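Each chain is listed here by its residues.
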Amino acid sequence: MKYLQILLAAVSVLLLLTSIWLWNTAHNVEDHMAELETAIVQAHNAYRKFRHQSETEGFDLSPARLQVLRQEVTLAKQVIRRQRFSWTRLLNDLERAIPHRISLESIVLNKEFLALSGAALTLQDLTTFVDRLKNHPAFQNVEISSHTSQQRPGNIKTGPASFIAFDLAISYDPSRNSG
């Protein structure tokens, strides 16, 4: 019976300590919630003040204008990125990667990749070009978009009778180039 009384007393003490801990935790959570509610009210008031000030100064913060503004910022970022783009560096990097039996017809700089069009004398020459691009540190994600075997036009009298026309898409990051 005495052991049962000791056990019940220990369980009672544990329950009391658990209750105190839970009450303290609940009190801390309530305090934290009150702080968050205060911060939300302050943020809402600051937003209302900002909206009022912007309207009195003639700024349009309507959802439609904010959408147009996002597009304008994206365009400005693209212009800045292209102003920093060095065609000389790109052409030097391509010159290091291109085999002598490859000719490029066009290079188009898109948002996130380069589109190359050209001709190779053989499929092996195209494969060599792709391998060299893959091994160059400034080029990544080299993908052949298309390749077709074509015949030399009849009005051109010199050069090989057939060639491989190709289109490639590659990512270009000049900052990865160590040379």
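Up top is the structure these notes are about.
Residues numbered from 1 in each chain as written. Predicted model: local features only at pLDDT ≥ 70, side-chain atom pairs only at ≥ 80, totals over all residues. Heavy atoms only, no water.

Caption draft 1: Highlighting the side chain of Gln140. By the secondary structure assignment, Gln140 is in strand E3 (residues 139-151). Among the residues examined, Gln140 registers a relative accessible area of 17% and is labelled buried. Once you skip the residues sitting within four places of it in the chain, Gln140 turns out to touch Ile170, Ser171, Asp173 and Arg176. (Helix = DSSP H or I, 4+ residues; strand = E, 2+ residues; numbered from the N terminus. Buried < 20%, exposed > 50% of the residue type's maximum accessible area, 1.4 Å probe, protein only. Contact = heavy atoms within 4.5 Å.)

Caption draft 2: Expanded view of the nonpolar core. Among the nonpolar cores identified, the biggest contains 20 residues, and Leu133 and Phe139 are the most heavily contacted of them. By residue number, the principal contributor to this core is strand E4 (residues 162-172), which donates five residues. Residue contacts for Phe139: discarding those within four places in its chain leaves Leu90, Asp93, Leu94, Leu114, Leu133, Lys134, Ile170, Ser171 and Tyr172. (Core = buried A, V, L, I, M, F, W, Y, C linked by side-chain atoms within 4.5 Å.)

Caption draft 3: Structural view of the packing of aromatic side chains. Summed over all chains, the structure comprises two aromatic pairs. Aromatic pair Phe139 and Tyr172: ring centres 5.2 Å apart, planes at 35 degrees, arrangement tilted. Taken together, the positions of Phe139 in strand E3 and Tyr172 in strand E4 put the pair 33 residues apart, joining distant regions of the chain. Classification of Tyr172 by relative accessible area gives buried; the value is 14%. (Phe/Tyr/Trp six-rings, centres within 6.5 Å; stacked < 30°, edge-to-face > 60°.)

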